[in-house]
Amino acid sequence: MRMPKAGMTQEGIYSRRLETLEKRLDKKGLKGAIIVPGPNMTYFTGVNSLLLERPFMLLIPVDGEPQLVSPAFESGPYASGSVEMKIHSWTDSEGSAGAISKAAKGAGLKGKWGVEGKTPFLYLDVLMKEASPKFRNAEPILQGMRELKDETEVKLLKESSTILSRAFEEFPGILKEGMSELEVAKAATDAIYSKGATHVDDMLVQSGPRAADPHGLPSAKKIQKGESIIIDVGATYEGYYSDITRAFCLGSDPDVEKVYGKVLEANVAGIAEAEKGAKVGDVDGAARGTLKKAGLAKYFTHRTGHGLGLEIHEAPYIVEGGNEKLDSGMCFTVEPGAYIRGRLGVRIEDDVLIEGRKGVAITDTPKEFGWWK
């Protein structure tokens, strides 16, 4: 059994995760895995580093000690962290080749090795000058582990969703006719930080015809009465994401209200279908089927949802026809929409957690039409 460093207050969670990873790699006939700075590195070590051009990777053999190749000025948090590993530091003046060679030998880099999908070819190119492993896709194993949240992760996801929910309740006070989408985005971002978010990104504000494009950054366009206004934003608390979308309408427009009502029905239907053992395609089908009955299916152009965790988009993916079964500890969005080109767009998104057997919405911002008035 892998043991955490002596004297560390972390309750061995990262060591247990590495041990589980090693078992899953071995079961798939892999000799180890290569991960790089980002969500996976954070998940397995507790350290958050930037993925840049300098070779920086963790080699995790099924048997033996993890080997870290790290720029010298990045290695400190790993040396004092919760996981035992051999650190091979390198400086810009000496280059990375020596550190990579030592790490490859220390990890026994031969045979089949899994590689994280985000690993730059630049890293692998340098690595292959020192060894000749057969690389395989490690994403199914890595995503499969991360999509099942433990108790600590669940608490962070709930807190993140609560923070973002409370911020959304302030957005109606922000929206004013004549404001630009960029001005709305800035004020909304400030509101989210004021509620305790660690980080805010992917702030989308789209109004009128622009709301018919599901993903679009805010522009200088000014919002007007009678238009649908979509605000979609992701925010983190201690690294864990929440993601909410609400559609608003200043004044009134019967077309917007009609479409809104059907999208809301689809959102509710999708959440109701989410439970342990259900297929992701069943959740998508419940939302998509509701819009089909309303004659709006052709205006719903994306999947119903995606997983949430250390990334804003991760497994499980709530996609049409998907056969993956939901399990306790999975967290994902349910976000049906309808986008009528040149006219309007409506999307309503909540975060759902499978607790026990049932799916529960952990976002609780109001969503009935007109709640913002």
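Since the structure is predicted, the reported quantities are computational estimates derived from the model, not experimental observations. (Residues numbered from 1 in each chain as written. Predicted model: local features only at pLDDT ≥ 70, side-chain atom pairs only at ≥ 80, totals over all residues. Heavy atoms only, no water.)

### Quick notes on the nonpolar core
Within the largest apolar cluster, 54 residues are counted, with the highest numbers of intra-cluster contacts made by Leu21, Phe44, Met57, Leu59 and Leu127. Setting aside residues up to four positions removed in sequence, Met57 forms contacts with Ile34, Ile35, Val36, Met41, Gln67, Leu68, Val69, Ile100, Tyr123 and Leu127. By size, the runner-up hydrophobic cluster in this structure holds 47 residues, among which are Val200, Val205, Leu264 and Ala338. (Core = buried A, V, L, I, M, F, W, Y, C linked by side-chain atoms within 4.5 Å. Buried < 20%, exposed > 50% of the residue type's maximum accessible area, 1.4 Å probe, protein only. Contact = heavy atoms within 4.5 Å.)

### Details of helix H9 (residues 181-194)
Here H9 is 14 residues long and its end C-alpha atoms lie 20 Å apart, about the 20 Å a rise of 1.5 Å per residue gives. Where H9 is buried, its residues meet helix H7 (151-168), helix H8 (171-174), strand E7 (199-207) and strand E8 (228-237). Gly196, located one to two residues past H9, shows a positive phi value of around 115 degrees. (Helix = DSSP H or I, 4+ residues; strand = E, 2+ residues; numbered from the N terminus. Expected span 1.5 Å × (residues − 1).)

### With respect to the packing of helix H10 (residues 254-273) against helix H11 (residues 280-293)
The N-to-C vectors of H10 and H11 enclose an angle of 155 degrees; their axes lie 8 Å apart at closest approach. The pairing of H10 with H11 is recorded here as roughly antiparallel in orientation. As for how H10 packs across H11, the hand of that crossing is right-handed. Only Asp282, Val283, Ala286, Ala287, Thr290 and Leu291 of H11 make contact with H10, whose side of the interface consists of Lys262, Val263, Glu265, Ala266, Ala269, Gly270 and Glu273. Taken together, the residues of the contact of H10 with H11 break down into seven nonpolar, two polar and four charged. (Axes fitted to C-alpha atoms, helices over the stretch in contact; angles between N-to-C directions. Parallel < 35°, antiparallel > 145°, perpendicular 65-115°, else oblique. Left-handed = near helix turned anticlockwise from the far one by under 90°. Nonpolar A, V, L, I, M, F, W, Y, C, P; charged D, E, K, R; others polar.)

### Topic: the pattern of salt bridges
Applying the stated criterion across every chain, the model contains 28 salt bridges. For the salt bridge of Asp150 with Arg17, the shortest nitrogen-to-oxygen distance reads 2.9 Å. Within this pair, whereas Asp150 is found in the loop between helix H6 (139-146) and H7, its partner Arg17 is found in helix H1 (residues 13-27), the two being separated by 133 residues in sequence. Of the charged contacts, one joins Asp253 and Arg343 as a salt bridge, the two residues approaching to 2.8 Å between their closest N and O atoms. (Salt bridge = Lys/Arg side-chain N within 4 Å of Asp/Glu carboxyl O.)

### So, the environment of Pro172
Within the fold, Pro172 resides in helix H8. Sequence separation of Pro172 and Ile13 is 159 residues, and the distance between their C-alpha atoms is 41 Å. Other than its neighbours up to four places away in sequence, Pro172 contacts Phe248, Trp371 and Trp372.

### Observations concerning the packing of H1 against H6
One way to put it is that H1 packs onto H6 with a least axis distance of 11 Å and a crossing angle of 140 degrees. In terms of their interaxial angle, H1 and H6 are classed as oblique. The element H1 and its partner H6 pack so that their crossing is right-handed. Counting all contacts with H1, which are made through Arg17, Thr20, Leu21, Arg24 and Leu25, the residues of H6 involved are Ile141, Leu142, Gly144 and Met145. The residue inventory of the contact of H1 with H6, partitioned by class, reads five nonpolar, two polar and two charged.

### Re the pairing of strand E6 (residues 134-137)
Bridge count between strand E5 (residues 112-115) and E6: four bridges; the pairing is parallel. Pairing of Val115 across the sheet is with Asn137, part of E6. Between the parallel elements E5 and E6, the chain passes through helix H5 (residues 121-127) in a crossover that is right-handed. (Pairing = 2+ DSSP bridges. Right-handed = clockwise from strand over helix to strand, strands pointing away.)

### Thoughts on the packing of aromatic side chains
Tallied over the full model, the rule gives nine aromatic pairs. Ring centres of Phe248 and Trp371 lie 5.6 Å apart, and the angle between their planes is 50 degrees; on these two criteria the pair is classed as tilted. Pair noted here: Phe248 is in strand E9 (residues 240-249) and Trp371 is in the segment after strand E16 (358-361), with a separation of 123 residues, a long-range link. The burial state of Phe248 is the same as that of Trp371; both residues are buried. Ring pairing ties together the aromatic residues Phe248, Tyr260, Phe369, Trp371 and Trp372, which thus form one cluster. One cation-aromatic arrangement involves Arg17 over Tyr43; the distance from NZ or CZ to the ring centre is 4.0 Å. (Phe/Tyr/Trp six-rings, centres within 6.5 Å; stacked < 30°, edge-to-face > 60°. Lys NZ or Arg CZ within 6 Å of the ring centre and 35° of its normal.)

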